[in-house]
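Descriptive analysis of the structure
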Amino acid sequence: MEKISFYLNGKQVKLAIDPSTRLLDVLRIRLHMTGVKEGCGEGECGACSVLVDGVCYNSCLTPVANVMGKHIVTIEGFRTTKQYRIIADAFADFGASQCGFCTPGMILNAYALLKNNPHPSEEEVRIALSGNLCRCTGYNAIVKAILEIAEKGDIVW
Amino acid sequence: MAQFKNSTVKIDNEEKMSGKALFTDDLPSEGFLWVRPLRSNIPCGRIRTINVPKLPKGYYWVDAKDIVKENVVNIIFSDWPVFADRRVNYYGETIGLLIGPDKAKLEELGRLLQVNYDEEIPHFKLNNSKIHKSFTKGNLDEVIKNHDFMLEETFETGYQEQVYLEPQSMIMWLDGDKITIKASMQCPFYIKNAVVRTLGCSPDKVRVIQPAVGGAFGGKEHYPSMMAAQLATAIMKIKKPLKMVFDRSEDLMYTTKRHPSRTTYTGYVKDGRLVGVKAHVGLNGGAYLGCSGVVLNRGLIAVVDSYDVPNLDVTGDVYVTNTMPTAAFRGFGSPQTIFAFEMFIEHIAKAIGVDPVEFKLKHLVKKGQTTAVNGKFHDDIILPQLVEKAMEMSDFKRKYKEYSKPGSNRGIGISTFLHGCGFTGSGESTIINAQLKLTKDENDIVHLYTSQVDFGQGNRTTLKKIVSDTLGIPEEQVTHEAPDTDHTLSTGPTAASRTIIIVGYLCEKAAKHLKEIWKPGVYQEWIEPYVGPDYIHWDEDTLQGDAYPGYAWGVNIVEISFDPITYQVKVEGAWSTYDVGHAIDERIVIGQADGGLAQAIGYGYLENMEMAEGRFRQKTLADYIIPTSADLPMMETELIDNLFAYGASGAKGCGELTFVGGAPALCHAIEMAINRKIYKIPANPEYLMELVENGKD
């Protein structure tokens, strides 16, 4: 057991834990962040996406030791921001969430994309999201929602 | 702003986007014991001994010896045991459960547990038929004696895995002597009935409650009944709360998939018209039949798709093999035959030297004509409008001409198709007998109770909307919670594209009745039983008559480019038009259209699942590939109203319709690009390379 500390949604967390534990398990089981989902456990589906210092990570492939001292944002933290509201409203408008299992990860990845590239082309959106699988929507509504936000400009990012 | 007609934000939208929605594995489960299935590692044989290692305190083993009443999972044809009893019939069959508090310890115990078998030679060939069906239409013998041209071809389709993003999961606990279940599911009453049957208990001792469900597509129609029967057996023995959550590999390897098929057609042409077809459809049902007979029925009924062929001789078989049983997946048998027939009819046209699209359009069915099973198309058929609109949206005619030129490495294809909505034949009135309860409380809030699961299709919202619209009250004045079998009557399973056409219709009728008796400020209740169209007559044994209460129709156009060096296909465009009667909520229907077509395109060229010696070779999402956002174009869809008399505001079904035509439209486009004929899906680069090198043009 090692003492591991990081910031979760703005608050410092200190845990005595095996440093090789998957960040996904730390978040879901120890810290009850159930908005982080396990869809495949091998970095293919992106349902477990979280932001680590603003970059989208698959938490299932990240040992908790790798996030020592870093800032982690899960959907539980992100949903309180105005950026979430903008993305969520566009998702609602286009019907971008069906079963909802991929949605928190998809929203975090959409944010990571728009923050770095506020005016992505359709192709850039498609490539950026290609690590987040969705089996319900065919991605149409998701891509449209993000392109719509991209048109609004970069003020919000 | 997105432009959708009559659309409202879904009831559960915000909780799902914000991560607040609790799926089964998210539910508090302090003190629950983990359940690890121990599965057969041979495809066929007798179990000689099961050597269970000494289990630490608090760990348990449960197997067939613990069955309370009946070792069978209640599925349509109930032949699948809850636990393998003395023999195993497929690789992965559950022999028993290891149960305990620590997951890692269960893995360790699982490795120590030894099963000794007398292995038998497994059967993998498709020749051991356990269900055989046949019917005829017109007189094929006359056609055989008198035709100008004949063609025989065989088509194959592969396994397809649902890949709902949330894997199978279930928790179960005892509330006094009552079993309570929350699970990722489609059909709460199927689960309840499965528990009641295996335990032989009274129905009031089992309660099933639906939490958030992360996709299903048919994969959670029957399989959760198996899980529930296993956990119920365990809970009766050890009386502790239980939790079983599959990881992705387990889910890919050991849950039910779409039936692989082999379909052979012989077509007879006279004076430029396809006048007769002899067809045989073979499905691989795996080791147990389950719902395979019904899947075969749907495939056979759709055997000539949306085309009028006056003379038919049709047979079909479900073959039993020592492989994982196959079961429901969006489309339920019809995607297999519709793929095969779409390819076949174009191949005939090409062989007799006429334009394939014109040839198909000449054969579209019309109102009043007989169906393949000698029923009648009672309602208006607007396929020509759907075709015209889809062609206009996609600039089809220009592209078709341009891409037909050799060496274009581009292609565009069109499919037209139908989907029967609801259970086959009179099943809605004879098997399901849905009853819907609507209550109104003293504050005039209306409560709608259904057993329909919303696993993403938006039906919680749509059904509620039918009630509020019919009553003429604001949507906020109606509640529609996720099903709880203690609170709702059974309105039937969430399957067979029946939710809107059947349950939606019930909602409308019940709301009309409640409106008639409405008294403000008092509690009122209305129970509405389903009564279908009285002109529907069906004989299940002979497969003759009106197969469905109503049909929904569609057209898909897919455009692709082809890389002659890598043999890779890129989907460049996809356009669809649908007649779903009337969209209660356009945004929700378009969502179904996008998602269904995406899965169908995946089925057509990407999703490859192979079986070797009874085991699936694809075990992860790294080798079973489904479409990502980078694989798909922006899809465009238009709906054309064609009101159905027995649907709420004229609505029919749409969930499966959007799946059935995608693969053949895609394959027509690939055929154009490579100038070769396709006989199987998925049309992946390996197969296309073989075709380009050695195939028929």
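Residues numbered from 1 in each chain as written. Chains lettered and ligands numbered in written order. Predicted model: local features only at pLDDT ≥ 70, side-chain atom pairs only at ≥ 80, totals over all residues.

1. Let's talk about the overall build of chain A
Here is the rule: Under the scheme used here, helices are H or I runs from DSSP no shorter than 4 residues and strands are E runs no shorter than 2 residues, and both carry numbers assigned from the N terminus. Each radius of gyration reported is based on C-alpha atoms, and the globular scaling rule is 2.2 Å times the count of residues to the power 0.38. The burial criterion counts other C-beta atoms lying within 10 Å of a residue's C-beta, which is placed from the backbone; the residue is buried at 20 or more, exposed at 12 or fewer, and partly exposed between these limits.
Across its full length, chain A holds six helices and five strands. Each helix and strand of chain A, placed in order from N terminus to C terminus, yields the pattern β-β-α-β-β-β-α-α-α-α-α. Since a compact globule built from 157 residues should have a radius of gyration of about 15 Å, the 15 Å found for chain A is in line with a globular shape. Principal-axis analysis of the C-alpha atoms places the extent of chain A at approximately 45 × 30 × 20 Å. In chain A, buried positions account for 55% of the 157 residues.

2. Considering the overall build of chain B
What chain B contains, in helices and strands, is 18 helices and 28 strands. Its C-alpha radius of gyration of 25 Å places chain B within 12% of the 26 Å reference for a compact globule of 697 residues. The buried share of chain B, taken over its 697 residues, is 58%.

3. Topic: unusual backbone geometry
All names here are of chain B. With an omega of 5°, the peptide bond running from Ile681 to Pro682 counts as cis. Relative to the elements of secondary structure, Pro682 occurs in the loop between strand E28 (680-681) and helix H18 (685-694). At Val163, a residue that is not glycine, the phi angle is positive and equals roughly 45°. Note that Val163 resides in the loop between strand E8 (149-157) and strand E9 (169-175).

4. Description of the interface of chain B and chain A
Selection criterion: By the convention adopted here, residues are in contact when the distance between their C-beta atoms, placed from the backbone, does not exceed 7 Å. Polar here means any residue outside two lists: the nonpolar Ala, Val, Leu, Ile, Met, Phe, Trp, Tyr, Cys and Pro, and the charged Asp, Glu, Lys and Arg; Gly therefore counts as polar.
Facing 42 residues of chain B, the contacting portion of chain A comprises 42 residues. Counting residues per element, the side of chain B that touches chain A draws most heavily on helix H15 (residues 586-605) of chain B, at eight residues. Residue classes in the side of chain B that touches chain A are distributed as 24 nonpolar, eleven polar and seven charged.

5. Observations concerning the domain arrangement of chain A
All names here are of chain A. Heads up, the condition is: Note that the domain bounds were set by an automatic or database domain assignment.
Considered domain by domain, chain A is made up of domain 1 (2-74) and domain 2 (81-152). Distance between the C-alpha centres of domain 1 and domain 2: 22 Å. Listed by partner, the interface residues are 14 residues for domain 1 and eleven residues for domain 2. Contributing elements (two or more residues each) for the side of domain 1 that touches domain 2: strand E3 (49-52) and strand E4 (55-58).

6. As for the sheet that holds strand E15 (residues 311-320) of chain B
All names here are of chain B. To be explicit about the condition: Any two strands with at least two DSSP bridges between them are considered paired. Inter-axis angles, ranging from 0 to 180 degrees, are taken between N-to-C directions of lines fitted to C-alpha atoms, where helices are fitted over the stretch in contact.
Read across the open sheet, the six strands follow the order E7-E15-E14-E13-E8-E28; overall the sheet is mixed. On the outer flanks of this sheet lie strand E7 (129-137) and E28, each paired with one strand and no other. Where strand E13 (residues 261-270) lies against strand E14 (residues 273-286), ten bridges are found, and the strand directions are antiparallel. The residue of E14 that forms the bridge with Val269 is Leu274. Strand contacts of helix H8 (residues 334-351): E8, E13, E14 and E28, with the helix running at about 145° to E8, the strand carrying the most contacts.

7. Thoughts on the environment of Ser561 of chain B
Residue and element names in this part refer to chain B. Here Ser561 shows up in strand E23 (residues 550-562). In this structure Ser561 comes out as partly exposed when scored by C-beta crowding, with 17 C-beta atoms within 10 Å. Sequence separation of Ser561 and Lys5 is 556 residues, and the distance between their C-alpha atoms is 34 Å. Setting aside chain neighbours within four positions, we find Ser561 in contact with Asn409, Arg410, Lys570 and Glu572.

8. So, the packing of helix H4 (residues 188-199) of chain B against helix H5 (residues 223-238) of chain B
Residue and element names in this part refer to chain B. The line we're drawing: Working rule for angles: under 35 degrees goes down as roughly parallel, over 145 as roughly antiparallel, 65 to 115 as roughly perpendicular, anything else as oblique. Handedness of a helix crossing follows the sense of rotation of the near helix relative to the far helix, less than a right angle counterclockwise being left-handed and clockwise being right-handed.
Where H4 contacts H5, the two axes come as close as 8 Å, and the packing angle between them is 45°. Classed by the angle they form, the pair H4 and H5 counts as oblique. Where H4 crosses over H5, the handedness of that crossing is right-handed. Residues Tyr190, Ile191, Ala194, Val195, Thr198 and Leu199 of H4 pack against Pro224, Ser225, Ala228, Ala229, Ala232, Thr233 and Met236 of H5. Considered class by class, the residues forming the contact of H4 with H5 number ten nonpolar, three polar and no charged.

9. Some words on helix H11 (residues 396-403) of chain B
All names here are of chain B. Where we set the bar: The reported arc concerns the directions from the helix axis to the C-beta atoms and nothing else.
Those residues of H11 that fall on the buried side of the exposure criterion are Phe396, Lys399 and Tyr400. Viewed along the axis of H11, the buried residues span an arc of 105°, placing them on a single side of the element. For H11, exposure combined with an orientation more than 90 degrees from the buried face picks out Lys397, Arg398, Lys401 and Glu402. Packed against the buried residues of H11 are helix H10 (383-394), strand E16 (410-421) and E23.

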